[in-house]
Amino acid sequence: MRRLAKMLVAGALLASVTATMAFADYNKGFKYYQKYVKRASHVKGTEFLKIIGAKTPDDINALLKNNAKPLISLLEKKGQKKAAKAIEKIVKKHKLNDLKDFLVGMVNGKIPAG
């Protein structure tokens, strides 16, 4: 009985750590989006998704392939050169995966306040 209780407590701790780690990437991505993209281009996250036409996680994955070159190209074509430069900075800082988690989270309905 004690062993089962210990296993349940360990499982609960593991689940909470895993959940925290899952949110950490989204939060980091939000931070990088705010710091680079929004500060440079003044485009909110929801507007950004409309500009790039992303509706599914697969859309985001396709745009972020090859160090986000399709996304950068699309932003430049749409006249969002400041946002394109900001994405390039995020790529250079090796934070593209965090940005991806943030954008996928938004596509899935997790919209940040403000």
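Residues numbered from 1 in each chain as written. Predicted model: local features only at pLDDT ≥ 70, side-chain atom pairs only at ≥ 80, totals over all residues. Heavy atoms only, no water.

S.K.: Before we move on, could you go through the side chain of Asp98 and cite the residues and values that matter?
M.R.: With respect to the helices and strands, the residue Asp98 is situated in helix H6 (residues 96-107). No salt bridge is formed by the buried Asp98; its nearest oppositely charged neighbour, Lys95, is found at 4.7 Å. (Helix = DSSP H or I, 4+ residues; strand = E, 2+ residues; numbered from the N terminus. Buried < 20%, exposed > 50% of the residue type's maximum accessible area, 1.4 Å probe, protein only. Lys, Arg positive; Asp, Glu negative; His and termini not counted. Salt bridge = Lys/Arg side-chain N within 4 Å of Asp/Glu carboxyl O.)

S.K.: Please provide a residue-by-residue account of unusual backbone geometry, values included.
M.R.: Negative phi values dominate among residues other than glycine, just as trans dominates among peptide bonds. Of note in the backbone geometry, His42 takes a positive phi value of approximately 60° without being a glycine. Overall, His42 belongs to the exposed group, its relative accessible area being 65%. Phi angles above zero are rare outside glycine, and Asn66 is one such case at about 55°. For Asn66, the position within the fold is in helix H4 (residues 65-77).

S.K.: Please set out the pattern of salt bridges residue by residue, giving values where relevant.
M.R.: Pairs may arise between side chains of opposite charge once their charged atoms sit close together. Within the structure shown, the criterion is met by one salt bridge. Notably, a salt bridge pairs Glu88 with Lys85, separated by 3.9 Å at the nearest N-O pair. Of this pair, Glu88 and Lys85 both sit in helix H5 (residues 81-92), three residues apart, roughly one helical turn. Assessed through its relative accessible area of 51%, Lys85 is described here as exposed.

S.K.: Which residues make up the confidence of the model for the protein, and what values go with them?
M.R.: Summing up the model confidence of the protein, the mean pLDDT is 85 and the portion of residues at 70 or higher is 80%. Predicted confidence is poor over residues 16-23, with pLDDT under 50, and the contacts of this stretch with residues over four places away or in other chains come to one contact. (pLDDT = per-residue confidence, 0-100. Contact = heavy atoms within 4.5 Å.)

S.K.: Requested: an account of the nonpolar core, with residues and values cited.
M.R.: Among the nonpolar cores identified, the biggest contains 31 residues, and Phe48, Ile52, Ile60, Leu71, Leu75 and Ile87 are the most heavily contacted of them. Among the elements of the structure, helix H1 (2-41), helix H2 (45-52), helix H3 (57-63), H4, H5 and H6 are those that each provide at least two residues to this core. In terms of residue count, the dominant contributor to this core is H6 (seven residues). Residues within four places of Ile52 in sequence aside, it is in contact with Ile60, Leu63, Leu71, Leu74 and Leu75. (Core = buried A, V, L, I, M, F, W, Y, C linked by side-chain atoms within 4.5 Å.)

S.K.: Tell me about the packing of H4 against H5, residues and numbers included.
M.R.: Their axes nearest at 8 Å, the elements H4 and H5 cross at an angle of 165°. Classified by the angle between their axes, H4 and H5 sit roughly antiparallel to one another. Classified by chirality, the crossing of H5 by H4 is left-handed. For the pair H4 and H5, contact is made by Asn67, Ala68, Leu71, Ile72, Leu75 and Glu76 and by Lys81, Ala83, Ala84, Ile87, Glu88 and Val91, respectively. Residue composition of the contact of H4 with H5, grouped by class: eight nonpolar, one polar and three charged. (Axes fitted to C-alpha atoms, helices over the stretch in contact; angles between N-to-C directions. Parallel < 35°, antiparallel > 145°, perpendicular 65-115°, else oblique. Left-handed = near helix turned anticlockwise from the far one by under 90°. Nonpolar A, V, L, I, M, F, W, Y, C, P; charged D, E, K, R; others polar.)

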